[in-house]
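# Observations on the three-dimensional arrangement
Each chain, letter by letter, is given below.
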Amino acid sequence: MNNWIPEEFIEEVRRQTDIVDLISEYVMLKRTGKNYMGICPFHSEKTPSFNVNPDRQTFYCFGCNTGGDVFSFLMKINNLTFLEALNRLAERAGLELPEKELTPEQKERRRKLKRFKEIHEYAAAYFHDVLLNRPEGRVGLRYLAQRGIDTNTIKFFRLGYAPDQWDGLLKELQSKGVSPEELVEYGLAIKKSRDEQGHPSYYDRFRGRFIFTILDSRSSPIAFGARVLDDSLPKYLNSPETPFFHKGHNLYGIHYAQRGIRERGYALLLEGYMDTIAACKAGFTNAVASLGTALTKDQAKLLKKYADKVVIGYDSDSAGVKATLRAGEILLEQGLRVEVLILEEAKDPDDFLKNHSAEEFQAKVDNAVTFIEFKYYALVKDNPPRAITDKAELVKKMAPDILKIKSAVEREGYERFLSLKLGLSLEAIRYEINSLAKQTKEKFIKTENFSLKQDISVKNRNTIGGTKIDSIGDSFVPLGVIRAEQMLIRLVLDNPDFKIKVLERLGDDFWRLKEHKIIFDNLPDRSFIGFIHEDLLYQRIQQRLADIYELEIESTEAQALLEDCVSSIEANKNRETIEEMQARMIKLEKSGDIAGALAVLQEIGERLRRG
Ligand SMILES: [Zn+2]
């Protein structure tokens, strides 16, 4: 494989990748001032010490001192080479790596993915245009007007209408060079068995339906949800699963909610497309819906990237209650805190928002009950427990959910809640729950031991700033020298004209750490494109740079600091030279060359006098 990649391409990928967005796909980040904090993915910890700096586009963990840029983050977390990381980030940013870098399979997949996106873009534009501008779409517009949906909302959600025709989309897209076979492949048309002449024929999948365009996190259409406006069945029809669309991995509304969830600190998980649109219109930009299926584990994981709390607002009918119970369990399983919205007088959030203000909806969110309480009320509603055996049965049903809760304080709260509600002693409740806990105890012990080991290994590693020391030459490098080198680079980063001063004072071969020399030599350029084919070295350079950024220095004292660093490096150089001379002297002495040894001794004396 040819490894040549244009510099501009790498820089473009870097520019198009936001480190906060990227890391959010792996770590739940919370804003703190200018930066974002989260639980470090590289070591085991309970309180967040993992810091992401959007201005510098870097990350740094104060716990294990791991740090770097977008490329080194992806390389580390997925164990990738630079090229693989570049490839993924390019695809993520919708940029194309030069063709010759790809394997034939990658080329084919890229071609198909591109076509998939292109065709969905055409289809979304067609449905949208029918709704807004063509007579066939008027019925859809009337429906939206009745529901108080304005044009801005229609455009923001890219709503559409599929006319009641067999070949509306087929014709429209054929005029754009899309074949019926392709439409079938990507789920937008259906192939009939052969007609009388023996030719296969095709028809539109979505006909006479209102269209909800499903957008991915980068606002590209990837699928459609379609509902009828009358009573015909099925009420909802969605795009089928294809190699490029899995409904269990996506959420409706994620194109805006990824930001809204992070900002508000919780996700509002709703049941329907219209609920999501109504909530978003009322300012709840953290609202999402699962795509016409029960919530999946992958969707729960997706939510967990953005927040640690989910408020479920499903329909209030019995099907909605059942769906809430299932979704709550899945979310708890992923370690999320779960609350449930109670809208007594409305059948769903859309219905509620028709008759109430956003403030009233917010009040309902603020008064949401915990999932455990919700489940309790749901279970006792039809079968109020009277006998002791009923009560014991109920505790057993609740136990798995309570056991999923990580916080001991919270767990005790639920045990007390059950004790009060059921009129049983706290001890009895605990006994029931703990007897269930014992079955899973072994698993728990294993996980704890593992994380303990990880902590120890992080602490014991022979590292500075998270990386093993790789010095130029094999001698021991004193910590002070490493600090002085770091400080010098930091000073040059903050004051670019110091570079020449350093060169004048120390020359360019004093560096003891290889990465430091590379960083310094490249400054002011910080892309290190020359090192992208040495994956470990690239990561170490980024790591060193991250360490350097974290040094706390007083900017007003830059000049004095520079002097300190220069003299400490000179002093060390001097000391090392003397040590070297002493070693040479001893060697000469042993070999019997006393005159030679004396000459060296004299040199040492002179050096010491000069300081
Ligand atoms: Zn860490």
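Since the structure is predicted, the reported quantities are computational estimates derived from the model, not experimental observations. (Residues numbered from 1 in each chain as written. Predicted model: local features only at pLDDT ≥ 70, side-chain atom pairs only at ≥ 80, totals over all residues. Heavy atoms only, no water.)

## Looking at the overall build of the protein chain
- Within the protein chain one finds 25 helices and 19 strands.
- In terms of overall dimensions, the protein chain is more spread out than a globule: its C-alpha atoms have a radius of gyration of 32 Å, far above the 25 Å expected for 611 residues.
- In terms of overall dimensions, the protein chain has C-alpha extents of about 110 × 75 × 50 Å along its principal axes.
- Taking all 611 residues of the protein chain together, the buried fraction comes to 47%.
- Within the protein chain, residue pairs in contact and separated by at least 24 positions form 64% of the contacts whose partners lie at least 6 positions apart.
- For the protein chain, the computed accessible surface area is about 31100 Å², with 51% contributed by carbon and sulfur atoms.
- Counting 91 positive and 94 negative side-chain charges, the protein chain places the averaged centre of each group 3 Å from the other. (Helix = DSSP H or I, 4+ residues; strand = E, 2+ residues; numbered from the N terminus. Rg over C-alpha atoms; globule rule 2.2 N^0.38 Å. Buried < 20%, exposed > 50% of the residue type's maximum accessible area, 1.4 Å probe, protein only. Contact = heavy atoms within 4.5 Å. Areas by Shrake-Rupley, 256 points an atom, 1.4 Å probe, with all protein chains shown as cover. Lys, Arg positive; Asp, Glu negative; His and termini not counted. Charge placed at Lys NZ, Arg CZ, Asp CG, Glu CD.)

## Topic: the sheet that holds strand 12 (residues 251-252)
- Spatially, 12-14-13-15-16-17 is the arrangement adopted by the six strands of the open sheet, whose pairing is mixed. Of all the strands in the sheet, the pair left with one neighbour each is strand 12 and strand 17 (369-370).
- In this structure, strand 12 lies alongside strand 14 (residues 287-290), joined through two bridges in antiparallel fashion. Within the sheet, the bridge partner assigned to Leu-251 lies in strand 14 and is Ser-290.
- Packing of helix 13 (residues 318-333) onto the sheet brings it into contact with strand 13 (267-270), strand 15 (309-313) and strand 16 (337-340), and relative to strand 15 it is tilted by some 175°. (Pairing = 2+ DSSP bridges. Axes fitted to C-alpha atoms, helices over the stretch in contact; angles between N-to-C directions.)

## Considering the sheet that holds strand 2 (residues 35-38)
- Taken together, the five strands give an open sheet; going across it, the order is 1-2-3-4-5, and neighbouring strands pair in antiparallel fashion. What marks the edges here is a single partner per strand, and that holds for strand 1 (30-32) and strand 5 (67-68).
- Sheet topology places strand 4 (residues 58-61) next to strand 5; two bridges connect them, and they run antiparallel. Bridge pairing links Tyr-60 to Gly-67 in strand 5.

## Describing the coordination of the zinc ion
- For the zinc ion, every protein donor is listed as Cys-40 (SG), His-43 (ND1), Cys-61 (SG) and Cys-64 (SG), and the spread of their distances is 2.0 to 2.3 Å.
- Around the zinc ion sit four donor atoms, and with donor-metal-donor angles ranging over 104 to 119° the site reads as tetrahedral.
- Ordering the donors of the zinc ion by residue number gives the pattern C-x2-H-x17-C-x2-C.
- Accessibility expressed as a relative area gives 5% for Cys-64, which makes it buried. (Donors = N, O, S within 2.8 Å, 3.2 Å for Na, K, Ca; no water. Tetrahedral: all angles 85-135°; square planar, octahedral: opposite > 155°, others 65-115°.)

## Remarks on the domain arrangement of the protein chain
- Taken domain by domain, the protein chain consists of domain 1 (7-92), domain 2 (113-245), domain 3 (249-377), domain 4 (383-448) and domain 5 (474-610).
- A straight line from the C-alpha centre of domain 1 to that of domain 3 covers 29 Å.
- Counting residues at the interface gives nine residues for domain 1 and seven residues for domain 3.
- For the domain 1 and domain 3 pair, buried surface summed over both sides reaches about 660 Å², with 47% attributable to carbon and sulfur atoms.
- Counting the contacts that link domain 1 with domain 3 gives three salt bridges.
- Put simply, Lys-30 and Asp-308 hold a salt bridge, and the shortest N to O gap is 3.8 Å.
- At the junction of domain 1 and domain 3, the tally comes to one residue pair in polar contact (both at pLDDT 80 or more).
- With three residues, the single largest contributor to the side of domain 1 that touches domain 3 is helix 2 (residues 19-24).
- In terms of residue class, the side of domain 1 that touches domain 3 is built from five nonpolar, one polar and three charged. (Domains from an automatic or database assignment. Buried area = accessible area lost by both parts, 1.4 Å probe. Salt bridge = Lys/Arg side-chain N within 4 Å of Asp/Glu carboxyl O. Polar contact = N/O pair within 3.5 Å; in protein donor to acceptor, adjacent residues only side chain to side chain. Nonpolar A, V, L, I, M, F, W, Y, C, P; charged D, E, K, R; others polar.)

## Side note on empty space enclosed by the protein
- Per the stated rule, a full pass over the model turns up one cavity of 30 Å³ or more.
- Put simply, the largest cavity is a space of about 40 Å³.
- Contributing to the lining of the largest cavity are Met-28, Leu-29, Lys-30, Ile-261, Arg-262, Gly-265, Tyr-306, Ala-307 and Asp-308.
- Among the residues making up the lining of the largest cavity, the classes are represented as five nonpolar, one polar and three charged.
- There are two domains that each give the lining of the largest cavity at least three residues, and those are domain 1 (7-92) and domain 3 (249-377). (1 Å grid on protein atoms, 1.4 Å probe; cavity = no way out; pocket = protein on both sides within 12 Å on 5 of 7 lines; lining within 4 Å. Points joined across faces, edges and corners; volume = space filled by probe spheres on them.)

## What about a nonpolar patch on the surface?
- A cluster of nonpolar side chains, namely Ile-594, Leu-598 and Leu-601, defines an oily patch on the protein surface of about 280 Å² accessible area.
- Tracing the backbone through its elements, the reader meets Ile-594 in helix 25 (residues 594-610). (Patch = residues over 30% accessible without salt bridge, like charges linked within 9 Å, V, L, I, M, F, W, Y side chains within 5 Å.)

## Quick notes on helix 1 (residues 7-16)
- For helix 1, the full list of buried residues reads Phe-9, Ile-10 and Val-13. The arc enclosing the buried residues of helix 1, seen along the axis, measures out at 100°, which places them on a common side. Residues of helix 1 that are exposed and point over 90 degrees away from its buried face: Glu-8 and Arg-15.
- Elements in contact with the buried residues of helix 1: helix 3 (70-78) and helix 4 (82-92). (Arc of directions from axis to C-beta.)

## Looking at the layout of surface pockets
- Taken as a whole, the second largest pocket holds about 1800 Å³ of empty space.
- In this structure, the second largest pocket is lined by 50 residues; those nearest its centre are Glu-91, Arg-92, Lys-117, Asp-216 and Arg-218.
- Those elements that provide at least two residues to the lining of the second largest pocket are helix 2, helix 4, helix 5 (104-133), helix 10 (254-264) and helix 12 (297-304).
- Per-element accounting of the lining of the second largest pocket gives the leading share, eight residues, to helix 5.
- Its residues assigned to classes, the lining of the second largest pocket comprises 20 nonpolar, 11 polar and 19 charged.

## Focus on the environment of Leu-331
- Structurally, Leu-331 is set in helix 13.
- When its relative accessible area of 0% is taken as the criterion, Leu-331 is described as buried.

## Some words on the nonpolar core
- Counting 105 residues, the largest nonpolar core has Leu-159, Tyr-252, Leu-269 and Leu-331 as the members making the most contacts within it.
- Among the elements that line this core, the one with the most residues is helix 5, at nine residues.
- If we ignore the near neighbours within four places in the chain, the residues touching Leu-159 are His-128, Leu-131, Leu-144, Ile-149, Ile-154, Phe-210, Ile-211, Phe-212, Tyr-252 and Ile-277.
- In this structure, Val-20, Val-492, Leu-545 and Val-566 belong to the second largest nonpolar core, which totals 64 residues. (Core = buried A, V, L, I, M, F, W, Y, C linked by side-chain atoms within 4.5 Å.)

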